[in-house]
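Each chain is listed here by its residues.
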Amino acid sequence: MKSAKFSIGLTADFYDENGNTLYEDIGLDVFEGFDHVVASKIAGHTTEITSNQLLGHNIAFVLSPSVTADSIKGNREQLLAISRFGVGYDNIDVKSCTANDVLLLIAQGAVNRSVAEATITWMLALTHHVLKKNELVRTGRWNKRNLLMGSELRDKTLGIIGFGGIGKALVELLNGFGMNRALVYDPQITSEMYSKFDVTKVKKIDDLLMESDFVSLHCPLNEETRGMIGERQLKLMKSSAYLLNLSRGGIVDEDALFNALINQKISGAAIDCFQEEPILSPHRFGTLDNVILAPHSIAWTNELFRDIGRVACQSMLNLSLGKRPEGVVNPEVFESPSFNQKWSKYIT
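Notes on the structure follow. Worth saying up front: this structure is predicted, and the values here are computed from it rather than measured. (Residues numbered from 1 in each chain as written. Predicted model: local features only at pLDDT ≥ 70, side-chain atom pairs only at ≥ 80, totals over all residues. Heavy atoms only, no water.)

## Description of the overall build of the protein
Next up, step 1: Scanning the protein from terminus to terminus reveals 11 helices and 12 strands.
Next up, step 2: Relative to the 2.2 N^0.38 estimate, which gives 20 Å for 348 residues, the radius of gyration of the protein is 22 Å and therefore close to what a compact globule would have.
Next up, step 3: Based on the C-alpha atoms only, the size of the protein along its principal axes is roughly 75 × 50 × 35 Å.
Next up, step 4: For the protein, the proportion of contacts with a sequence separation of at least 24, taken over those separated by at least 6, is 65%.
Next up, step 5: Counting 35 positive and 41 negative side-chain charges, the protein places the averaged centre of each group 4 Å from the other. (Helix = DSSP H or I, 4+ residues; strand = E, 2+ residues; numbered from the N terminus. Rg over C-alpha atoms; globule rule 2.2 N^0.38 Å. Contact = heavy atoms within 4.5 Å. Lys, Arg positive; Asp, Glu negative; His and termini not counted. Charge placed at Lys NZ, Arg CZ, Asp CG, Glu CD.)

If you want it as structure tokens, here you go:
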């Protein structure tokens, strides 16, 4: 028997204490005119979604909580998908999703422009000493400005680790800054892709670290990338170089990075992602004046949330209409007879 309604539950961190959405536009207007779709708030905010919170929902639309095997337990019969508000999914148990006939959806392509623009923002802020110069004026030390000569992006080399959509958007946005040809390390990328974007393929990550003026991380966190940048790798970087992490905290060894920064082994860093989040007390990196920090939100803009929301909501709507959505992390679920039997009950 088919269900008359298709239930999408949004995690509570999309809302304020009065039940209003915290963000200007998260794409929910995509559902307008489709009365079978019911989008509602999941009760209670927890760092890990519980099984009870998912009861009755066909899709969980997740901003920040983790989804584990326990989250999915007891919901296999009606739960069709977990939809991540973004592209990272290291906090989602993909194996458990697949084993329980649950799709994992990400907002493929929606973050590329915003994260690329944020990366350039940080590159300019670091090289032009924006925070330090701001402090000179605020503290009446105008005559110290000669101590803060900056440098331009012109003739500098950017090294990109992870050449997915964000890395490609970054290269395109940097056209016009007069930088050298970007170096790219990504074992998954074809030679044709390097030629298309006019970047140089680097076979060994060590070579990229030694030659780059900026090292920008745009790779997912997985077993291959966890701890990828540690003490040995940081020692390979130029003393004048900057490290930018807009990816995931676990990719960088924070102890090693702190030591490199405090001992000026590299010129500076910009960090959006941390090993442990959220950070609710003063962080040791905050004691350093050669680092810029953000609470995993440097790329957050109204445009970003609009784009993520629309891509994600369209994928969820497609699933409710019996169409295969874009951005499926575990497409093998579609080959499962039990998934298709479950799906058929909720297709409008």
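## Focus on helix H5 (residues 165-173)
Next up, step 1: Those residues of H5 not exposed but buried are Ile166, Gly167, Lys168, Ala169, Leu170 and Val171.
Next up, step 2: In this structure, the buried side of H5 is in contact with helix H3 (112-127), strand S6 (158-161), helix H6 (191-196) and strand S9 (214-217). (Buried < 20%, exposed > 50% of the residue type's maximum accessible area, 1.4 Å probe, protein only.)

## A few points about the sheet that holds strand S7 (residues 183-185)
Hydrogen bonds between backbone atoms are what pair the strands of a sheet, whose relative direction is either parallel or antiparallel.
Next up, step 1: Strand order across the open sheet formed by 7 strands is S8-S7-S6-S9-S10-S11-S12, with parallel pairing between neighbours. The sheet is open, and its two edges are formed by strand S8 (200-201) and strand S12 (291-293), each paired on a single side.
Next up, step 2: Pairing between S7 and S8: 2 bridges, direction parallel. By the bridge assignment for S8, leucine 183 is matched with threonine 200.
Next up, step 3: Sheet contacts for helix H9 (residues 254-262): strand S10 (242-245), strand S11 (268-271) and S12; angle to S11, the most-contacted strand, approximately 140 degrees. (Pairing = 2+ DSSP bridges. Axes fitted to C-alpha atoms, helices over the stretch in contact; angles between N-to-C directions.)

## Looking at the pairing of S11
Next up, step 1: Side chains Gly268 and Ala270 project from S11 onto one buried face, and the interleaved Ala269 and Ile271 project onto a second face that is buried too.
Next up, step 2: Inspection of the sheet shows S10 paired to S11 by 4 bridges, in the parallel sense. Bridging across to S11, leucine 244 finds its partner in alanine 270.
Next up, step 3: Note on the crossover from S10 through H9 to S11: the handedness is right-handed.
Next up, step 4: Two elements, S11 and S12, share 3 bridges in a ladder whose sense is parallel. For alanine 270, the partnering residue across the bridge sits in S12 and is isoleucine 292. (Right-handed = clockwise from strand over helix to strand, strands pointing away.)

## Some thoughts on the state of the cysteines
Disulfide: a covalent bond formed between the sulfur atoms of two cysteine residues.
Next up, step 1: Per the stated rule, a full pass over the model turns up 0 disulfides.
Next up, step 2: Cysteine cysteine 97 is unpaired, with the sulfur of cysteine 313 as its nearest cysteine sulfur at 18 Å. (Disulfide = S-S within 2.5 Å.)

## A few points about H9
Next up, step 1: Here H9 has its buried residues at Glu254, Ala256, Leu257, Phe258, Ala260 and Leu261.
Next up, step 2: Contacts from the buried residues of H9 go to helix H8 (231-236), S10, S11 and S12.
Next up, step 3: Where H9 starts, the residue carrying a side-chain oxygen 3.0 Å from the main-chain nitrogen of aspartate 255 turns out to be aspartate 253.
Next up, step 4: Just downstream of H9 lies glutamine 264, where phi reads positive at about 55 degrees. (Polar contact = N/O pair within 3.5 Å; in protein donor to acceptor, adjacent residues only side chain to side chain.)

## Overview of the sheet that holds strand S2 (residues 37-41)
Next up, step 1: If you trace the 5 strands from one edge of the open sheet to the other, you get S2-S1-S3-S4-S5, paired in parallel fashion. The open sheet is flanked by S2 and strand S5 (103-105), the only strands paired with a single partner. Adjacent strand axes in the sheet meet at a mean angle of 20 degrees when their direction is disregarded.
Next up, step 2: With 4 bridges connecting them, strand S3 (residues 59-62) and strand S4 (residues 81-84) associate as parallel partners. Of the residues in S4, the one forming a bridge with valine 62 is arginine 84.

## Regarding the pattern of salt bridges
Next up, step 1: Considering all chains together, one arrives at 13 salt bridges under this definition.
Next up, step 2: With a shortest N-O distance of 2.5 Å, arginine 248 and aspartate 90 are connected by a salt bridge. Separated by 158 residues along the polypeptide, arginine 248 in the loop between S10 and H9 and aspartate 90 in the loop between S4 and helix H2 (94-99) bring together distant segments of the chain.
Next up, step 3: Looking at aspartate 90, the relative accessible area reads 42%, which means it is partly exposed. (Salt bridge = Lys/Arg side-chain N within 4 Å of Asp/Glu carboxyl O.)

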